[in-house]
Amino acid sequence: MSEIKVIEKAQIPIGAVMLFGFPDVGLVGVIAASHLIEELGLAEIAYLDSRLMPPLIVLHEGLPHSSIRVFGNDKIMLAVSETPISAEIIYQVMDTLIEWGRSKKVKLMVSLSGMPIEDRQDAKELKVFAAASSPETLKTVKDKGIEALMEGYMVGPQAIMLMRASQIGIPAITLMAQCFLNYPDPESAAEVLKGLATMTGMKVDIAKLLEKGEEIRLKARDVMQRTQQEMTKMKKSQEYDLPVYVS
Amino acid sequence: MAIRKRERSFFDLMDTYFEGLEEEFDRWRESIMDMPSWNEKTCAMRPLSDMKVTAREVIMTVDLPLTLESSVQVKPLDERTLEISAEMKRKIQFKELGATHRKGEFHKLHCHKRVPVPVDMDKMHVSYKKGILEVHIPRKHER
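For the structure given in this document, a descriptive report is provided here.

Rules used throughout
- Residues numbered from 1 in each chain as written.
- Chains lettered and ligands numbered in written order.
- Predicted model: local features only at pLDDT ≥ 70, side-chain atom pairs only at ≥ 80, totals over all residues.
- Heavy atoms only, no water.
- Helix = DSSP H or I, 4+ residues; strand = E, 2+ residues; numbered from the N terminus.
- Rg over C-alpha atoms; globule rule 2.2 N^0.38 Å.
- Buried < 20%, exposed > 50% of the residue type's maximum accessible area, 1.4 Å probe, protein only.
- Contact = heavy atoms within 4.5 Å.
- Areas by Shrake-Rupley, 256 points an atom, 1.4 Å probe, with all protein chains shown as cover.
- Pairing = 2+ DSSP bridges.
- Buried area = accessible area lost by both parts, 1.4 Å probe.
- Salt bridge = Lys/Arg side-chain N within 4 Å of Asp/Glu carboxyl O.
- Phe/Tyr/Trp six-rings, centres within 6.5 Å; stacked < 30°, edge-to-face > 60°.
- Axes fitted to C-alpha atoms, helices over the stretch in contact; angles between N-to-C directions.
- Parallel < 35°, antiparallel > 145°, perpendicular 65-115°, else oblique.
- Left-handed = near helix turned anticlockwise from the far one by under 90°.
- Expected span 1.5 Å × (residues − 1).
- Nonpolar A, V, L, I, M, F, W, Y, C, P; charged D, E, K, R; others polar.

1. Overview of the overall build of chain A
From N to C terminus, chain A includes eight helices and eleven strands. Taken over the C-alpha trace, chain A has a radius of gyration of 17 Å; the compact-globule value for 247 residues is 18 Å, and the two agree within 12%. In terms of overall dimensions, chain A has a C-alpha envelope of 40 × 40 × 35 Å along the principal axes. The buried share of chain A, reckoned over its 247 residues, is 55%. At a minimum sequence separation of 6, the contacts of chain A that also span at least 24 residues come to 78%. Accessible surface, chain A: about 11,700 Å² in total, of which carbon and sulfur atoms supply 53%.

Now the structure itself:
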């Protein structure tokens, strides 16, 4: 029996698109997820419960919530974590969410993330890359005009998501917008949301996100700093490595 | 029978050295995380920062969102320490940061950064773009 449980709080849609926004480089996924929740008015439909998770709850409007929750409507399910997930439990967390998503017959999984670049502050535009779980999904990515990440390493929850989805045959994509490594990056989150719109047709207004960008950077400092610690433990810097091709 | 202690190679010594450095860095980082990133008394918040040491220089960046470029100050306190501060465009209250149970407001970002190698502070070069402060300080190589 899994040591992590998904507790459902509402009617769960069948055949939805499942999104993931977890703390990672530039907090791109979390910032994008938070904006999606606000703009689309997504409600909490499920949450994770486990003794493997740290003894931590998030208080919202005076009430306790799990730090890993799923928001949604009749078409979308969005898994989001408000604190970095430790390297020790990341596999169990992702396996549980993916297996649950499969039980709800999700038609596509999309992980929202970032790709750090040097001298990010000098970048005039931020490119979005994608990696896919199968040749068919990779073709769709390319057909939609998103540049595919063809070679390299990927570290973190999005890496597990892509691999597991590939193993169990669920179409999955990881979208990565160029971003700061260690600073919250709302501009990058806006770009990844544009990529999501291209891939799924799920359009959201990003004007407010850009307008509030500086406040978000200020607010997200603590989560970013704790995320850095977990990224170090996961050897995130390996994403910079040049791969050795074994064919 | 006496057991002869195996001599340690140069690489073993280097590994030990870097492991020690890594442990020291982890301890330092954990001690930083044990402190809040804000100070109610000085009305200041600690910004995120990053440092890279290359063969020629030390490159430091500091994330200074919501600040005015004209108010940014980078001041050497001694041969190895910089004081960085910047006034915010407006005062930020705790409740805007999601903490309704605390009272107080902040009007600046402030931090001290210690450089791990000897540098020439007089030749420091500072730039500011999109709220990111970048400081380049040439290294001083002792002969």
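Read on, since the account is not over.
2. Overview of the sheet that holds strand β2 (residues 44-45) of chain B
All names here are of chain B. Ordered in space as β1-β2-β7-β6-β5, the five strands form an open sheet in which the pairing is mixed. Each end of this open sheet is capped by a strand with a single partner; those strands are β1 (38-39) and β5 (73-76). As defined by bridge partners, β1 adjoins β2 across two bridges and the pair is classed as antiparallel. Bridge pairing in β2 links Trp38 to Met45.

3. Concerning the interface of chain B and chain A
Listed per partner, the contact involves 32 residues of chain B and 23 residues of chain A. For the pairing of chain B and chain A, the buried interface totals around 2,500 Å² over both sides, and the portion due to carbon and sulfur atoms is 49%. Inspection of the region where chain B meets chain A yields five salt bridges. A salt bridge links A:Glu118 to B:Lys52, with the shortest nitrogen-to-oxygen separation between them at 3.0 Å.

4. Topic: the packing of aromatic side chains
Residue and element names in this part refer to chain B. Applying the stated rule across the entire model yields four aromatic pairs over all chains. When the centroid spacing of 5.0 Å and the interplanar angle of 90° are considered together, the rings of Trp38 and Phe94 count as edge-to-face. Here Phe94 lies in the loop between β6 (81-93) and β7 (105-114) and Trp38 lies in strand β1, a separation of 56 residues in the sequence. Residue Phe94 is classed as buried on the basis of its relative accessible area, which comes to 3%. With 5.0 Å between their ring centres and 80° between their planes, Phe94 and Phe106 make a pair best called edge-to-face. Here the residue Phe94 occupies a position in the loop between β6 and β7, and Phe106 occupies one in strand β7, the gap between them amounting to twelve residues.

5. With respect to the pattern of salt bridges
A full pass over the atoms with the stated rule returns 23 salt bridges over all chains. One salt-bridge network, in which partners are shared between bridges, spans A:Lys9, A:Glu44, A:Arg69 and A:Glu82.

6. Brief notes about unusual backbone geometry
Of note, A:Asp119 is a non-glycine position whose phi angle comes to about 50°, a positive value. Residue position: A:Asp119 is located in the loop between β8 (108-116) and β9 (128-132). Assessed through its relative accessible area of 45%, A:Asp119 is described here as partly exposed. We note that B:Lys130 has phi near 50°; this positive angle belongs to a residue other than glycine.

7. Regarding the packing of helix α1 (residues 28-40) of chain A against helix α5 (residues 186-200) of chain A
All names here are of chain A. Contact pair α1 / α5: the axes reach a minimum separation of 8 Å and the direction vectors enclose 65°. On the basis of the axis angle, α1 is roughly perpendicular to α5. As for how α1 packs across α5, the hand of that crossing is right-handed. On α5, the residues touching Val28, Ile31, Ala32, His35 and Leu36 of α1 are Pro186, Ser188, Ala189, Val192, Leu193 and Leu196.

8. So, α5(A)
Residues and elements named next belong to chain A. In this model α5 runs 21 Å from its N-terminal to its C-terminal C-alpha over 15 residues, within 8% of the 21 Å that 1.5 Å per residue would give. Along α5, the residues classified as buried are Pro186, Ser188, Ala189, Ala190, Val192, Leu193, Gly195, Leu196, Ala197 and Met199. Once α5 ends, the next one or two residues include Gly201, with phi positive near 80°.

9. Describing the packing of helix α2 (residues 90-103) of chain A against helix α4 (residues 157-168) of chain A
All names here are of chain A. Contact pair α2 / α4: the axes reach a minimum separation of 10 Å and the direction vectors enclose 45°. By the angle between their axes, α2 is oblique relative to α4. Relative to α4, the crossing made by α2 is right-handed. Residue-level contacts link Ile90, Tyr91, Met94, Asp95, Ile98 and Arg102 of α2 to Pro157, Ile160, Met161, Arg164 and Ile168 of α4. Taken together, the residues of the contact of α2 with α4 sort by class into eight nonpolar, no polar and three charged.

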